[in-house]
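# Coordinate inspection notes
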Amino acid sequence: MLINFDRTVAYRCSRCGEIAYGNFSLFELSGSKGISVQCSCGHSAIEIMPENKSNYIIRVQCLVCDDIHKFNLPFSSLAKKECCVFTCPNVVVGLVFIGKESAVKKAVLENESYVNEVINACGLDHTGKNGVTMLKALDKIQDLSDSEALFCECGSNLVDVEIHKDDIILECCICGASLVLTAEMIRNSNFSHLDKLVIPCKH
């Protein structure tokens, strides 16, 4: 019987939002060695490092919540499963897919379909990297609103949210002041860790 030692890893880049692919052999994970796969944009990478003889640790920065997630990957799963999928624990979006190439590509397509359904359910009419970014932003904006940490300088916490393809506009319902959050700004900042969001008042 011919044994296939080749594996494919795919992950969602925390900077550009695209799915990055890489190939490796199980032999590359032998001993104390690990692998690193970088996105073509050059701003993120996923690491798979051995913890011991039977387990590996996956490290990847999350586009959704900005945290560095660590996942356990048993060697038995890597060797036997068609595809192992790891998701963000805060927002259930697939981040890492590891396994045989065809199974990984199928899992990525299924996850993209799921993400699109969630985006559409939230009233967004666009998908792809900006769609996921907007989900991330809306989740944070809701948290800030619930904790009364989203408000205008005029003192009002009545804020209207408009979602567009490339940005989100927060507008004070009392004075009309607004704040534009672009998708690029959300992706490239510490947005998920903000403790408050203030709309600057018109002068």
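Refer to the structure above for everything that follows.
The text that follows walks through the structure, step by step, so that each part is easy to find. (Residues numbered from 1 in each chain as written. Predicted model: local features only at pLDDT ≥ 70, side-chain atom pairs only at ≥ 80, totals over all residues. Heavy atoms only, no water.)

Now for the nonpolar core. Counting residues in hydrophobic clusters, the biggest one holds 35 residues, and the most contacted among them are Ile48, Ile58, Val96 and Ile98. In this structure Val96 touches Val9, Ala10, Tyr11, Ile46, Ile58, Val60, Phe71, Cys84, Val85 and Phe86, once residues within four positions along its chain are discounted. Counting residues in each nonpolar core, the second largest holds 20 residues, with Met134, Leu138, Ile186 and Ile199 among its members. (Core = buried A, V, L, I, M, F, W, Y, C linked by side-chain atoms within 4.5 Å. Buried < 20%, exposed > 50% of the residue type's maximum accessible area, 1.4 Å probe, protein only. Contact = heavy atoms within 4.5 Å.)

Looking at the secondary structure, you find His69 in strand β6 (residues 68–74). Residues within four places of His69 in sequence aside, it is in contact with Ile58, Arg59, Val60, Cys62, Cys88, Pro89, Asn90 and Leu95. (Helix = DSSP H or I, 4+ residues; strand = E, 2+ residues; numbered from the N terminus.)

Burial of the side chains of β6 is restricted to one face: His69, Phe71 and Leu73 are buried, whereas none of Ile68, Lys70, Asn72 and Pro74 on the reverse face is. Examined bridge by bridge, strand β5 (residues 55–61) and β6 share seven bridges and lie antiparallel to one another. When the bridges of β6 are listed, Ile57 appears paired with Asn72. Hairpin connection from β5 to β6: six residues lie between these consecutive antiparallel strands, with Asp66 at a positive phi of about 75 degrees. (Pairing = 2+ DSSP bridges.)

Strand order in the open sheet made by the three strands is β10-β11-β12, with antiparallel pairing throughout. Each edge of the open sheet carries a strand with a single partner, namely β10 (159–163) and β12 (178–182). Here the strands of the sheet are splayed against their neighbours by 15 degrees on average, with no regard to which way each runs. Summarising the sheet, strand β11 (residues 167–172) and β12 pair through five bridges and their orientation is antiparallel. Its bridge partner being in β12, Leu170 is matched across the sheet by Leu179. (Axes fitted to C-alpha atoms, helices over the stretch in contact; angles between N-to-C directions.)

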